[in-house]
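Structure assessment
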Amino acid sequence: MEKENMQQIYSVEADSYDCIGCAIAKGELTPPGGTIYESRNIVLAADPEVPIPGFLIITGRRHVNSFSMLYKEEWMEIGEVISKAERAIKNLGLAQEITLVQEERSKHFHIWIFPTKDWMIEKFGRGVSSLRDISRYAMENATGSDWEEVEEAVREIRAEFYKGNYEY
Ligand SMILES: [Zn+2]
């Protein structure tokens, strides 16, 4: 695949599904660099639309929109995966600070694991209110090498994710 076209291809793919969450959950949409972790409950992968290394999404397998609709097995696993993903991101130096977002207005349950980086603080500030501007900026300024960095980060996070022998 031509690296310059990767950003468009991922975005076009993402736009072409009725529910991008279901597309990821069913394996119809391959996220950048492939999945990091998956089980019968959830998929952990890089965001397919916003090229920020270390920006991950947990997507539920089921088409529901709320934490309150998850089975205990699902939300317990989500907690474990968030903990491991955050530690991997921080151990790799991809961010010192993480912002988690889950919006019920999205019809398919997913959680953003959003890394705060120095350039984001300098340009847009910290916290939830800055995430939309940061995402838009990253998408508008995306290059093929940005997507290569995302894929490289996925490889590193995957290795770190499985390396950690965490106790819960
Ligand atoms: Zn869905």
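Residues numbered from 1 in each chain as written. Predicted model: local features only at pLDDT ≥ 70, side-chain atom pairs only at ≥ 80, totals over all residues.

1. Let's talk about the overall build of the protein
Condition: Secondary structure follows DSSP: runs of H or I at least 4 residues long count as helices, runs of E at least 2 residues long count as strands, and numbering of each begins at the N terminus. Any residue with 12 or fewer other C-beta atoms within 10 Å of its own C-beta is exposed, any with 20 or more is buried, and the rest are partly exposed; the C-beta atoms used are placed from the backbone. We call two residues in contact when the distance between their C-beta atoms, placed using the backbone, is within 7 Å.
Secondary structure assignment for the protein yields six helices and five strands. The secondary structure elements of the protein, listed N-terminal to C-terminal, are α-α-β-β-β-α-β-β-α-α-α. Across the 168 residues of the protein, 35% fall into the buried class. Contacts spanning at least 24 positions in sequence make up 62% of the contacts within the protein whose residues lie at least 6 apart.

2. Remarks on the sheet that holds strand S1 (residues 37-38)
One key point about sheets: their strands pair by backbone hydrogen bonds, in either a parallel or an antiparallel sense. Where we set the bar: A pair of strands is considered paired only if DSSP assigns at least 2 bridges between the two. Working convention: axes come from line fits to C-alpha atoms, limited for helices to the stretch in contact. Angles between N-to-C directions cover 0 to 180 degrees.
With antiparallel pairing, the five strands of this open sheet are ordered in space as S1-S2-S3-S5-S4. The sheet terminates laterally at S1 and strand S4 (97-101), the two strands that pair on one side only. Contacts from helix H3 (residues 72-91) reach S1, strand S2 (42-46), strand S3 (56-60), S4 and strand S5 (110-116), with the element oriented near 20° to S2.

3. With respect to helix H6 (residues 144-163)
Here is the rule we go by: Expected helix span is given by 1.5 Å per residue-to-residue step, counting one fewer step than there are residues.
Taking 1.5 Å per residue, 20 residues should reach 28 Å; H6 reaches 29 Å between its end C-alpha atoms and fits that length. Buried residues of H6: Trp147, Val150, Ala153, Val154, Glu156, Ile157 and Phe161, and no others.

4. Focus: the nonpolar core
Applicable threshold: In this usage, the nonpolar core is the set of buried Ala, Val, Leu, Ile, Met, Phe, Trp, Tyr and Cys residues whose C-beta atoms join them within 7 Å.
Counting 36 residues, the largest nonpolar core has Ile36, Leu44, Ala45, Leu56, Ile58, Ala85 and Ile157 as its most contacted members. When contributions to this core are tallied by element, the ones reaching two or more residues are helix H2 (20-25), S2, S3, H3, S5, helix H5 (131-140) and H6. Looking at this core element by element, the count peaks at six residues for H6. Other than its neighbours up to four places away in sequence, Ile36 contacts Leu44, Ala45, Leu56, Val154, Ile157, Arg158 and Phe161.

5. Describing H3
An α-helical segment advances 3.6 residues per turn. Residues three or four places apart therefore align on the same side. The cut-off we apply is this: When we speak of the arc, we mean the arc of directions from the helix axis to the C-beta atoms.
Taking 1.5 Å of rise per residue, 20 residues should cover 28 Å, and H3 covers 29 Å from first to last C-alpha, within 8% of that figure. Within the sequence span of H3, burial applies to Glu74, Ile78, Val81, Lys84, Ala85, Ala88 and Ile89. Looking straight down H3, one finds that the buried residues subtend no more than 145° of arc, so they occupy a single side. Turned more than 90 degrees away from the buried face of H3 sit Lys72 and Gly79, all of them exposed. Phi for Gly93, located one or two positions after H3, is positive at around 75°.

On their own, these measurements won't tell you what the molecule is for.
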